[in-house]
Amino acid sequence: MSIEIRNAQTIDPQALHAAMLDAFSDYDIPLQPTLDQFLGMLTQRQFDPALSSIAFDGKQVLAFWFIGTHDHRAHLIASGTRIADR
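What you are looking at is a predicted structure, and each value in this text was computed from that prediction instead of being measured. (Residues numbered from 1 in each chain as written. Predicted model: local features only at pLDDT ≥ 70, side-chain atom pairs only at ≥ 80, totals over all residues. Heavy atoms only, no water.)

A. Inspection of the side chain of Ser52 at higher detail. Turning to its location among the elements, Ser52 is positioned in the loop between helix H2 (35-44) and strand E2 (53-57). By relative accessible area, Ser52 is classed as buried at 1%. What Ser52 contacts, discounting residues up to four positions off in sequence, is Arg6, Asn7, Ala8, Phe47, Trp65, Phe66 and Ile67. (Helix = DSSP H or I, 4+ residues; strand = E, 2+ residues; numbered from the N terminus. Buried < 20%, exposed > 50% of the residue type's maximum accessible area, 1.4 Å probe, protein only. Contact = heavy atoms within 4.5 Å.)

B. Summary view of the pairing of strand E3 (residues 60-70). Two strands pair when backbone bridges link them, and E2 and E3 are joined in this way by five bridges, in the antiparallel orientation. For Phe56, the partnering residue across the bridge sits in E3 and is Val61. Turn length for the E2-E3 hairpin, with the two strands adjacent in sequence and antiparallel, is two residues, and the turn residue Gly58 shows positive phi of about 70 degrees. For E3 and strand E4 (residues 73-81), the ladder comprises eight bridges, and the chain directions are antiparallel. Considered in E4, the bridge of Gly68 is made with His75. Between the end of E3 and the start of E4, which pair antiparallel, lie two residues, with Asp71 showing a positive phi angle near 50 degrees. (Pairing = 2+ DSSP bridges.)

Right, dumping it as structure tokens:
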């Protein structure tokens, strides 16, 4: 496995959504937003793709760290790793 870390600026939002669904699918209460809900959450929490990191193996998203910014401060929106890659 060759892991590459990139920011989220050029990553397809559907790939980020799919990774989040997988990463949280085994929770006692799974976090399973629709694509529109996911995009709304990122907007509401002021998602900054330039500061957010995505781990890849080829084209597959393995893990993510979604970062938001507000008033010159950064905060973690969500982080997760696909079940098969933990």
